[in-house]
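Listed below, chain by chain, are the residues.
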Amino acid sequence: MSRFSKQDFDLQNTISKNRLTGIWKMMYGYRLRYLGAITSIGLAALAKTFTFLLLRYFIDTYFLEETATIGLPYIALGFIGLALLEGCFSFLSGVLASQTAEGITRRLRNYLFDHLQKLTFTYHSKTKTGDLIERSTSDVDALRRFFADQAINIGRILLLFIVNFIAILNINAKLALISIIVIPFILIVSLLLFKKVSVAYESYQQQEAILSTTLQENLSGVRVVKAFSRQKYEIDKFDKDNFEKYNRGKRLLLMDSLFWPISDIFCGLQLLAGYYFGAVMAINGEITVGSYMAYAGLLIYIIFPLRNLGRVIVQTSTGLVSYSRVIDIIKENREPLDQGDHLPDGDLQGNFDFIHLGFEYEQGDQTLEDINFSVKPGHVTALLGSTGSGKTTLVQLLPRFYEYTTGEILLDGVPLHKYPRKYLRQQIGIVEQEPFLFSRTIRENITYGVGRDVSDQEVETAAKAAAIHEGILAFQDGYQTLVGERGVTLSGGQKQRIAIARTLLKNPRILILDDSTSSVDTETEAEIREALWNLMQNRTTFIIAHRIQSVADADLILVMDKGRIIQKGIHTELINKEGVYREIFKIQTRIEDELKKELENVD
Ligand SMILES: Nc1ncnc2c1ncn2[C@@H]1O[C@H](COP(=O)(O)OP(=O)(O)OP(=O)(O)O)[C@@H](O)[C@H]1O
Ligand SMILES: [Mg+2]
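Parameters and conventions
Residues numbered from 1 in each chain as written. Chains lettered and ligands numbered in written order. Predicted model: local features only at pLDDT ≥ 70, side-chain atom pairs only at ≥ 80, totals over all residues. Pairing = 2+ DSSP bridges. Helix = DSSP H or I, 4+ residues; strand = E, 2+ residues; numbered from the N terminus. Axes fitted to C-alpha atoms, helices over the stretch in contact; angles between N-to-C directions. Expected span 1.5 Å × (residues − 1). Contact = placed C-beta atoms within 7 Å. Parallel < 35°, antiparallel > 145°, perpendicular 65-115°, else oblique. Left-handed = near helix turned anticlockwise from the far one by under 90°. Near = placed C-beta within 6 Å. Nonpolar A, V, L, I, M, F, W, Y, C, P; charged D, E, K, R; others polar. Domains from an automatic or database assignment. Buried ≥ 20, exposed ≤ 12 C-beta atoms within 10 Å, placed from the backbone.

Engineer: For this particular structure, what's the right way to read the sheet that holds strand E8 (residues 540-544)?
Structural biologist: Each strand in a sheet pairs with another by means of backbone hydrogen bonds, the pair being arranged parallel or else antiparallel. Strand order in the open sheet formed by 6 strands is E6-E7-E8-E3-E9-E10, and the pairing between neighbours is mixed. The open sheet has two edge strands, strand E6 (428-431) and strand E10 (564-569), and neither has a second partner. On average, each strand axis in the sheet is tilted by 15° relative to the strand beside it, whichever way the strands run. With 4 bridges joining them, strand E3 (residues 380-385) and E8 adopt parallel strand pairing. Bridging from a neighbouring strand, Ala-382 pairs with Ile-543 of E8.

Shown next, in the form of structure tokens:
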């Protein structure tokens, strides 16, 4: 099977009600190797068995009866050869087993990473990051251990058992039957513990996810914790969760370790009984001394696999639980990026009509209601309104991050949902309210997602437009400066401007600026605003802002409250009308006048 098809295998095919079937499906492309690993271990077991049979020959035929046709050197060579064979096949099996386990989990990790990036916005806003991290690391690792150890061991144990059982059967049938009395007992204990360990392990993993969520949130929010002096509270909370994990871990270990003493008792009794009956039979002359010696060795190789089988069954429960937890993510449907078949012939015009638009995140909880307005191509629409009034929500409907629930948005006369998401996202550039930068260089952050080679000239032009070029040059490494943990820590305003440069470089037909100038001072804001107005030329733009200054030149201003548009018009109209807009305008101009006066006094 080619490498390519293995990497391309869609793991959604491995979703199965029966978890063992699912795991078998997950092994697609690696099954031959897996079977190879088991076969090798079987051959190693066979070499071991033959060692004991050779021992019997050596004692009975060579020593006692002195009728051997093979000389001592050959018998010695036989022992060495068998030992070599056993070693080689054990090694081969180890190699194949690790290739199987590492290969399957590598594919799984890649798939999960890819999958997680393609899930819907709704899924991500509902799911805790810590839980997702837990499932993509710890649970994947449990599966890796399952493939590396348990899956191989099941095969190994069964083969060892069958081969050695046949060998003992060959020595004496009665002895063979006496040697396996313990099997039903071991199986019952294993299956009982299997259920208990499954439950204990699942609850352990859940608690671990809670702990990693706490850790992850604390690290991201470390500033808030410090600012509010909540260290003590956070430590107590962590300690409580950690103690719960400790308890669950103890319970899990207890279940796991219960198996050993119980199985030891059973296996010890079995060994004693086997040796005893074997010895009696040897004394009575029913079997030869050599047979007894061979039997004594073989018996161990039946009992220990059995004891391990029980353990493997118990441990398999962790693999199965982890399989389910991983499959929970794989089951989620991806955002269909290609869904929708309308692709305009030429360029997108950028004409929007919002008709009785309504949207709810949760059913029955109306976030946007009866939104009606139209936007001409190249026009600037400003959104203003109290916090939580739905401004961000409204603009996030445009790239189809979420699907509107009622009414219609027409883009160039065509319903928005007819456009493929991928196309819309290429056409729409967003500067988010809280821009996120990667721990990469500033240049890489600016060119992120452009999808083509960009010249330094272009990058600089974008940075200049976003009024950040000088700022970047002030860093020692300029555009090659690393952002984040290993590099410089950028201020909110710097981050925002880099995000603006990133969006400008993308050169989108439609521009969305969500509060893009909120983290900068008034002077820089004026600078950026000027740059932005230039850039908004010929692009349909939606700008969310809190300062009247930022929106005064817009072609249409929408004032929002509780998910509805309460005022609509241009600046000159709105300030002459009774309403929220005029109130905000009055307050803001008053504050600015006062500021100006104070500054004059200082001078
Ligand atoms: N992912 C989400 N799931 C559920 N509800 C959400 C989600 N995002 C926002 N909301 C809710 O929708 C409402 C509108 O939020 P939105 O972010 O659109 O407000 P906004 O006008 O942008 O506010 P701000 O000026 O503070 O940015 C709020 O009540 C908020 O709680
Ligand atoms: Mg917002």
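We are not done yet, so read on.
Engineer: Help me understand the pairing of E10 in this model?
Structural biologist: Residues in a regular strand point their side chains to alternate faces of the sheet. Here strand E9 (residues 556-561) pairs with E10 via 5 bridges, running antiparallel. Paired with Ile-557 across the strands is Gly-569, a residue of E10. Count of turn residues in the E9/E10 antiparallel hairpin: 2 residues, of which Lys-562 carries a positive phi of about 45°.

Engineer: Would you explain helix H10 (residues 231-283) in this entry?
Structural biologist: Helical periodicity: at 3.6 residues per turn, an α-helix aligns residues three or four positions apart in one direction. Its 53 residues give H10 an end-to-end C-alpha distance of 76 Å, which sits within 8% of 78 Å, the value for a rise of 1.5 Å per residue. Summarising the contacts, the buried residues of H10 are in contact with helix H7 (173-178), helix H8 (183-220) and helix H11 (289-331). Where H10 ends, the next residue or the one after it, Gly-285, has phi of about 80°, a positive value.

Engineer: I keep staring at the packing of H10 against H11 and nothing clicks. Help me out?
Structural biologist: Packed helix pairs are specified by the crossing angle of their axes together with the interaxial distance, meaning the distance between the axes. It is the contact of H10 with H11, at a shortest axis distance of 10 Å, that shows an interaxial angle of 165°. One way to sum up the angle between H10 and H11 is to call them roughly antiparallel. The handedness of the crossing between H10 and H11 is right-handed. Contact with H10, carried on its side by Asp-256, Phe-259, Ser-263, Cys-267, Gln-270, Leu-271, Gly-274, Tyr-275, Gly-278, Ala-279 and Ala-282, involves Val-289, Tyr-292, Tyr-295, Ala-296, Leu-299, Ile-303, Leu-306, Arg-307, Gly-310, Arg-311 and Val-314 of H11 and no other residues of that element.

Engineer: Can you help me understand the site of ligand 1 in this one?
Structural biologist: Around ligand 1 lies a shell formed by Ser-125, Tyr-361, Thr-367, Gly-385, Thr-387, Gly-388, Ser-389, Gly-390, Lys-391, Thr-392, Thr-393 and Gln-433. Broken down by element, the shell around ligand 1 gets its largest block of residues, 3 residues, from helix H12 (residues 391-396). Of the residues contributing to the shell around ligand 1, the split by class is 1 nonpolar, 10 polar and 1 charged.

Engineer: Would you take a moment to explain the domain arrangement of the protein chain for this structure?
Structural biologist: Accessible area lost during the coming together of the parts is what is often quoted as the interface size. Examined at the domain level, the protein chain breaks down into domain 1 (11-330) and domain 2 (352-602). Between the C-alpha centres of domain 1 and domain 2 the distance comes to 56 Å.

Engineer: Would you mind going over helix H3 (residues 31-64) with me for this structure?
Structural biologist: The end-to-end C-alpha distance of H3, which contains 34 residues, comes to 48 Å, matching closely the 50 Å that a straight helix rising 1.5 Å per residue would cover. Just beyond H3, the residue with positive phi is Glu-66, at close to 50°.

Engineer: Where do I start with the pairing of E9 in this structure?
Structural biologist: With 5 bridges joining them, E3 and E9 adopt parallel strand pairing. Paired with Leu-383 across the two strands is Leu-558, which belongs to E9.

Engineer: Honestly, unusual backbone geometry in this entry has me stumped. Any pointers?
Structural biologist: A negative phi holds for most residues other than glycine; trans holds for most peptide bonds. Positive phi values are uncommon outside glycine, yet Ser-229 reaches one of about 50°. With respect to the helices and strands, the residue Ser-229 is situated in the loop between helix H9 (222-227) and H10. Owing to 8 C-beta atoms within 10 Å, Ser-229 belongs among the exposed residues under this scheme.

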